[in-house]
Each structure stands twice: as C-alpha cells, then as structure tokens.
Amino acid sequence: MELVEAIILSVLAASTPLLIAATGELVTERSGVLNLGVEGMMIVGAACGFAGAWLSGSVFIGALFGIVAGVLMSLVFALMALGLAVNQVATGLALTILGVGLSGLIGAGFVGERITPAVHLHIPGATDIPLIGRVLFGEDGFVYVSIALVVGVWWFLYRTRAGLILRACGDNHASAHALGYPVLRIRTFAVMFGGACAGLAGAYLPLAYTPFFVPGMTAGRGWIALALVVFSSWRPGRLVLGAYLFGAVTILQLHAQGWGVGIPSQFMSALPYLATVVVLVLISRERSGGSTAPAALGTVFVPDC
Amino acid sequence: MQLVLEKRAERSGTIALVSPLIAVGLTIVTMVILFAILGKNPLLALHAYFIAPLTDGYSLQEIAVKATPLVMIAIGLSLCYLANAWNIGAEGQFLIGAVAGSWIAVRTQGTDAGAWVLPAMLVLAAAAGALYALIPAICKVKFGASEILTSLMLVYVADLFLDYLVRGPWRDPHGFNFPTTAEFDPVATVPLLIEGGRLHLGSIIVLLVVAAAAILLGRTIKGFEIRVVGAAPRAARFGGFKADRLIILTFAISGALAGLAGIIEVAGPIGHLQPGISPGYGFTAIIVAFLGRLNPLGILVAGLFLALTFIGGEQAQIAMKIPLDVTKVFQGILLFYVLACDSLILYRFKLVFPNRQVARGAG
C-alpha cells in the first residue's frame, strides 16, 4: 500500500515539469509557432528559479524568477522568428544552445548550495487518508498549478473567442490576417506563454524535485515535452495522459535500478528517451491519413502592409 | 514605431557575403557588454579570446585540431539542412562512431595486429555513424516521425551507451577504476603530422571532405537535387526528385562524417575512449554550418573561427578566470546574429511610424 502510494507520488513529481512545459508549448504550437527552444528556456528557468529562491529564501519568488526568465528567453525567440521571419527550427536550436550556456553562467555561483524545497499541502484529516490522501491533498503547489494550467488552457482554446482566434492563426495565418486579426501579436503572446510555462517547469526542478541546482539538470526534459505535444495530437486532455505515462516510465526505471534488476543502470536510464522515439513513431504512423498538427505550424508569416 | 519586413525582389548577393561578418561583429560587441557585466576588462578578454591563441604555434595547431571534428560534422549537417532535413543528433552519431571504432582498438589491444587496424576503425566508425543516423531518417520517411526529436533523443541514448561500456566491459583493468579504456595501441592511433606536435592526419582527411562536398554540391546532379529539394520542394517534385531518398542519403552522409569525426577524436588527440569525449561538437557544428552559410568553404572558415573560441575560452579561463560557459553563450549569441543577418538577404528591415490617418483608412 505504502509502496503504491510512494510510486504514485513520485510519478506525479516526475510528470509535473513535463506537463507544465508541454502545456505552454501546446499553446505556442496551436498559434502556428514551433519553438524548439523549450529545453533552453527550461534550463535558464531552473538556474534563475534557484537563484531567486536562494537569494530571497522563498520558493514562490524563485518560481516567479523562473517564469520571468522563461518569458525573456521566449521574447528573444519571438523577436527572431516572428519579428525577423527567421527559420523557426534554427532559432529554436539557437535558443537552446544559448540557454545551456546562460544557465551555466547564472547557476555557477549556486552549485552546491541548498534551499528549503517547496512545502507540501497538509490538510489535517484529508491528507492522512490512506493511499489517496497524500496524492490528492499532500502535493506541492507546482502539481496543483500544473493541473489548473491544463484545465485553463483547455477552457481557453475550446471555450473562448480568443482561443478560437489563436487556433485560427495556427491553422491559416493568411485568413486570420485577412479577417483583421493581428497574427504576429497573437503569436508573440502565445510564445510568451510557452516561455513562462517552460521557465516555471524548469524552476520546478531545483525548487521542488531536488533542492539544489546542477548544471544541465533538465536532462532533455524540454525535448521530451516537445515530443509530448506531438503525442497529444495538440489536445490538452491527451497531454495529461502522455505526461503521466512518461513520468511513470521515468520512475519505473529508477525503481528497477533500485531493485537491482540485472540490467545495467545506463540501459534503464535510456528508457525514457527510447520510449520517446517509439511513441513518436507509433503516433506518427497512426495518423498517416492526415496530420492533426496545426496547418501553419512552423511556417513563416510576413504581413504585407 | 514598428519594425516591418519588406521582401526584396531578389536575394541580395552582397549581403549574403557580408552577413556572417556583420554577425561576428555584433557578437563581439555583445561580448564586450557581457565581459563588462562580469567585471572583466573587455579589451583584455577579447585579446585572450581572439588574439592570444593566434600568437603561438601550439595554440594554432590546437585550433586546427579542434576545428577538425567541427568542420567534418558541419559539412554533413549542411547537406541535411540544404535538403531541409533536420539532423540535430550529430552529437550522438559522433559518440556511436567513436564507440564502434574503439571496439576494434579494444579487441586488438596487445595483439600483434598490423596496419589494417586504423583504416578498419575509420570505416567501421563511419558505417556505425551512418546507421545510427538512419534510425531517425527512416522513422521520418516511413512513419512521418519528427526527425528533429528522434535524432536528439538518440544523443542521450548514445551517451549512456558509451558510459556503460567504459564503466563496464571495456574498462581498463589497470586504470585505477577510472571510467576509461586502456590507451590505444600505436597501430590504432591516428598518426601525427609533425612529430611531437598536435596536428594529426584527421586535419588532412577533413580537407578532403571539404573538397568532396564542394564538388558534390557544385558539380554533380545529386548536389543539385539536394539544393532544389530544400529550396523549392514543389519544383523538385515536378522535376521527379525523390525528397524521401535525399533525406535518407543526407542523413547517412552526415552520420558517417560525424562517426568518422568521433573515432578520429578518440584515436587521435584523446587516445582512449572515455565519457565526455565531446565538448558538444555535434551541437557547435550546427552553428558552424549556419555561420558557413551551408557552403563547404564557408564551413571551413567558420569551423576554424569556432575552434578559436574554444581555445580562446580555455585561455581566458586560465588567464582571467572567465567561466567556460561564456564560450557557450558566445556561440549561442553568434548563431542568433547569423540567423538574423540571414534574414537581411531576403528582406529589407524598415521602421514604420504608424500614421493615424493611414491606419484608419486601411483598417
């Protein structure tokens, strides 16, 4: 019983950064922009988040630092890919390379430091319910925020006018422009939202997952988040499923290493990455009939004024 | 005030030539600001980065040694990018090539194997790199899976695989438990060009690769196909060029070159297999490819320049305690400026001050 609860808790913890980052990227991609710099924005969010929390002594301030850092990074992307109409794939790669360097520079002074990690919710009575108590009522704030974020994004995309306009920009920017919508401005906001989420997801790692900062601690989670968006067919509901599945794979391999299964630990550590490849292949094959991706995804738009 | 892009009637040839220089200039200006923020004397830092390595023979050789893998990988990547195939997993193909070539070196260790060892290592490394690159290429062509994500995921897998080998089956029993193979035998080592120097045979190989790529792109039908498929996919379809086949081909070539670069690095300057054999060559090569404007000769120059920043970064760290991460920031910023300046080739930038009346009339 306790073991099951512990596994569920650790799966949630491992899934949360993936879910937050992927939710942000989903909104970005729904507006027609492919920002491959998620990993870079996350790692800068992790460094700035830790710096903020260490300097202020508050995890909340740290998370805000992470968000702001992510937004600033995404603005660099927006300036390039939207403002200057540069190829989005190349710009996203540049953002990741820059982010890895910046995070090392920012975080260098904080390696080896520790902070008090994010507190977990505790409701007397409710949290003590066996099996589900701690899962539902004993998480840290990030977990609840991630759920609220997905629900909010679903509501925004499918239940509001603004969400409809955003999806229109992603499916046909020329038509959206012809109807008088400011395509580039809408896309800039979508990119900024993606940056905020990536920054928050990055900050989660040193603020809640491990209470210290290590260079390169995102370890490809930003790229896995990108793969999750593909897996979800750009739908928030399936994103949740995908993120928790991936969290489960990560935890499974950690536990398998702990149990001393006779497989070298490196092979187990490679599982999440291999799983990503397999899932991408399966998902892409499944929809060989027609793509569910936003039709204008990754294409350059220059308004003719 | 608003920035507006205006499409040029035709791409500007002048700007295509000077845009990498503008980008380097802008990067240096940005670095001066960054050095000032870090509290270092910008002029001394720039000197340590860009001038000091050029003033002694050892550093000059070291630049050529560092440029060798960068140029070799970037040449392969440029073929992919020209064909609009996004291989960003060169780092993984580099590692797998190093592993595959090292296999022969490890198996023949201490035997009286002859001169065939090194050529066999090079061939096997190239083949392994190509095969490893074919995984994302085939996933893309057969199933439509994003080659960007799959090729990148395989970098982590390759890294872990190498780590497993040097900590497990291939670990040097006399290596004091360090995760490394034993030093390769002389027959399994890339020969030096100058006795006691640093320059090795790899630098010659890379020059041949540059020449071969220049001929492929400039003088052959295949090269023409690659360029057309990337630049004008519709025209390529009408011309009967098979984009899928070119994705497979360019991935295989770039994987082979990355694998070759991997084994040359391991059997050359390093001398044994260990974790951390690459300071991110596969990723820096992406910058080299773009800075060189996807042109073989341009890539050669760009590779030497990026190698200079690696060496300069190390010297700046020793002389001025400037963190090594500054080099990565430098490289990232450089790529941004290169891409931004490339936009100038196709567009004119105009600052527009919106006029109310016009806005009302148009809106």
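All figures in this text were calculated on a predicted structure; none of them were measured in a lab.

**Concerning the overall build of chain B**
Next, step 1: Of regular secondary structure, chain B possesses 14 helices and 2 strands.
Next, step 2: The C-alpha atoms of chain B give a radius of gyration of 22 Å, which matches the 21 Å a tight globule of 363 residues would have.
Next, step 3: Projected onto the principal axes, the alpha-carbon positions of chain B cover approximately 85 × 60 × 35 Å.
Next, step 4: Burial statistics for chain B: of 363 residues in total, 51% are counted as buried.

**Digging into the overall build of chain A**
Next, step 1: A tally of helices and strands in chain A yields 13 helices and 0 strands.
Next, step 2: Reading the secondary structure of chain A in the N-to-C direction produces α-α-α-α-α-α-α-α-α-α-α-α-α.
Next, step 3: With the C-alpha coordinates of chain A rotated into their principal frame, the extents come out at 60 × 45 × 40 Å.
Next, step 4: Here the contacts in chain A between residues at least 6 apart in sequence split such that 79% fall between residues at least 24 apart.

**Thoughts on the interface of chain B and chain A**
Next, step 1: On the chain A side, the residues contacting the 41 residues of chain B number 41 residues.
Next, step 2: The set of elements that each furnish at least two residues to the side of chain B that touches chain A consists of β1 (2-7), α5 (117-143), α6 (147-167), α11 (281-291) and α13 (325-346) of chain B.
Next, step 3: Here the side of chain B that touches chain A is built from residues that sort into 30 nonpolar, 7 polar and 4 charged.

**Notes on the nonpolar core**
Next, step 1: Membership of the largest hydrophobic core comes to 227 residues, with the highest contact counts inside it found for Leu228 of chain A together with Ile73 and Val288 of chain B.
Next, step 2: Here this core takes 16 residues from helix α9 (residues 183-209) of chain A, the largest share from any one element.
Next, step 3: When neighbours within four sequence positions are excluded, leucine 228 of chain A is seen to be in contact with Leu18, Ala22, Leu239, Gly242, Ala243 and Phe246 of chain A.

**Quick notes on helix α1 (residues 13-37) of chain B**
Residue and element names in this part refer to chain B.
Next, step 1: Between its first and last C-alpha atoms α1 spans 37 Å; for 25 residues at 1.5 Å apiece the expected length is 36 Å, and the two agree.
Next, step 2: Remark: the principal bend of α1, roughly 40 degrees, maps to serine 19, with a proline, proline 20, within the next four residues.
Next, step 3: Of the residues making up α1, those classed as buried are Ser19, Pro20, Ala23, Thr27, Met31 and Phe35.
Next, step 4: Buried residues along α1 sit against α2 (42-51), α11 and α13.

**Some thoughts on helix α11 (residues 236-258) of chain A**
Residues and elements named next belong to chain A.
Next, step 1: Look at α11: 33 Å from first C-alpha to last across 23 residues, which is about the 33 Å you get at 1.5 Å a residue.
Next, step 2: Taken as a whole, α11 has its buried residues at Pro236, Leu239, Val240, Gly242, Ala243, Phe246, Gly247, Val249, Thr250, Ile251 and Gln253.
Next, step 3: Lining the buried residues of α11 we find α1 (2-30), α6 (141-159), α10 (221-231), α12 (265-269) and α13 (271-286).

**Points about the confidence of the model for chain B**
Next, step 1: In this model, chain B carries an average pLDDT of 89, and 97% of its residues clear a pLDDT of 70 or more.
Next, step 2: Interface confidence in the predicted complex, given as ipTM, is 0.87; pTM for the same model is 0.90.

**Comments concerning the pairing of strand β2 (residues 347-352) of chain B**
Residues and elements named next belong to chain B.
Next, step 1: Of all 6 residues in β2, 0 are buried; the element is thus mostly exposed.
Next, step 2: Direction of pairing for β1 relative to β2: antiparallel, over a ladder of 6 bridges. The residue bridging leucine 5 from the neighbouring strand is phenylalanine 349, located in β2.

**Observations regarding the packing of helix α4 (residues 88-107) of chain A against α13 of chain B**
Next, step 1: For the pair α4 of chain A and α13 of chain B, the least separation of the axes is 7 Å and the interaxial angle reads 155 degrees. The angle between the axes of α4 of chain A and α13 of chain B places the two elements in the roughly antiparallel class. Between α4 of chain A and α13 of chain B the crossing geometry is left-handed. Counted together, Ala90, Thr91, Ala94, Ile97, Leu98, Val100, Gly101, Leu102, Gly104 and Leu105 of chain A of α4 of chain A and Asp325, Val326, Lys328, Val329, Gln331, Gly332, Ile333, Leu335, Phe336 and Leu339 of chain B of α13 of chain B form the full contact between these two elements.

**Comments concerning the environment of phenylalanine 143 of chain B**
Next, step 1: Following the sequence through the fold, phenylalanine 143 of chain B ends up in helix α5.
Next, step 2: The exposure class assigned to phenylalanine 143 of chain B is partly exposed, which follows from the 16 C-beta atoms found within 10 Å.
Next, step 3: Ignoring sequence-local partners within four residues, the contact set of phenylalanine 143 of chain B consists of Val281, Ser284 and Arg285 of chain A.

**Side note on unusual backbone geometry**
Next, step 1: The phi dihedral of alanine 85 of chain A falls on the positive side, at around 55 degrees, and the residue is not glycine.
Next, step 2: Here alanine 85 of chain A lies in the loop between α3 (59-83) and α4.
Next, step 3: The phi angle at asparagine 177 of chain B is positive, at roughly 70 degrees, despite the residue not being glycine.
Next, step 4: Of note, asparagine 177 of chain B is situated in the loop between α6 and α7 (201-219).

**Here we look at the packing of α5 of chain B against α6 of chain B**
All names here are of chain B.
Next, step 1: Remark: α5 packs on α6, axes separated minimally by 9 Å, with the N-to-C direction vectors making an angle of 155 degrees. The pairing of α5 with α6 is recorded here as roughly antiparallel in orientation. As α5 runs across α6, the sense of the crossing is right-handed. Note on element contacts: α6 touches α5 through Glu147, Thr150, Ser151 and Leu154, opposite Tyr132, Ile135, Pro136, Ala137, Cys139 and Lys140.
Next, step 2: Of the residues that constitute the contact of α5 with α6, the class distribution is 6 nonpolar, 2 polar and 2 charged.

About the cut-offs
- Counting restarts for each chain, with residues numbered from 1 along the sequence as it is written.
- Here the convention is simple: chains get letters from A, ligands get numbers from 1, in the order in which they are written.
- Selection of residues for local features in this predicted model requires a pLDDT of at least 70, selection of side-chain atom pairs for listing and counting requires 80 or more, and totals for whole chains, interfaces and linings are taken over all residues.
- Going along the chain from the N terminus, every DSSP run of H or I of four or more residues is numbered as a helix, and every run of E of two or more is numbered as a strand.
- Here the radius of gyration uses the C-alpha set of atoms, whereas the globule reference equals 2.2 Å times the residue count to the power 0.38.
- Residues are called buried when their C-beta atom has 20 or more other C-beta atoms within 10 Å, exposed when it has 12 or fewer, and partly exposed otherwise; all C-beta atoms are positioned from the backbone.
- Once C-beta atoms have been placed from the backbone, residue pairs whose C-beta atoms lie within 7 Å are recorded as contacts.
- For this classification, the nonpolar set comprises Ala, Val, Leu, Ile, Met, Phe, Trp, Tyr, Cys and Pro, the charged set comprises Asp, Glu, Lys and Arg, and every other residue, Gly included, is treated as polar.
- Joining buried Ala, Val, Leu, Ile, Met, Phe, Trp, Tyr and Cys residues through C-beta atoms within 7 Å gives a set, and that set is a nonpolar core.
- Any helix carries an expected span of 1.5 Å times its number of residues minus one.
- In this analysis the local bend is the angle between axes fitted, respectively, to the seven residues ending at and the seven residues starting at the residue.
- Confidence of the prediction at every residue is given by pLDDT, a number between 0 and 100.
- Two strands make a pair as long as DSSP finds a minimum of two bridges between them.
- Axes here mean lines fitted to C-alpha atoms, for a helix over just the part in contact, with angles spanning 0 to 180 degrees between N-to-C directions.
- An angle counts as roughly parallel when it lies under 35 degrees, as roughly antiparallel when it exceeds 145, as roughly perpendicular when it falls between 65 and 115, and as oblique in every other case.
- Each crossing gets its hand from how the near helix is turned against the far one by less than a right angle, where anticlockwise is left-handed and clockwise is right-handed.

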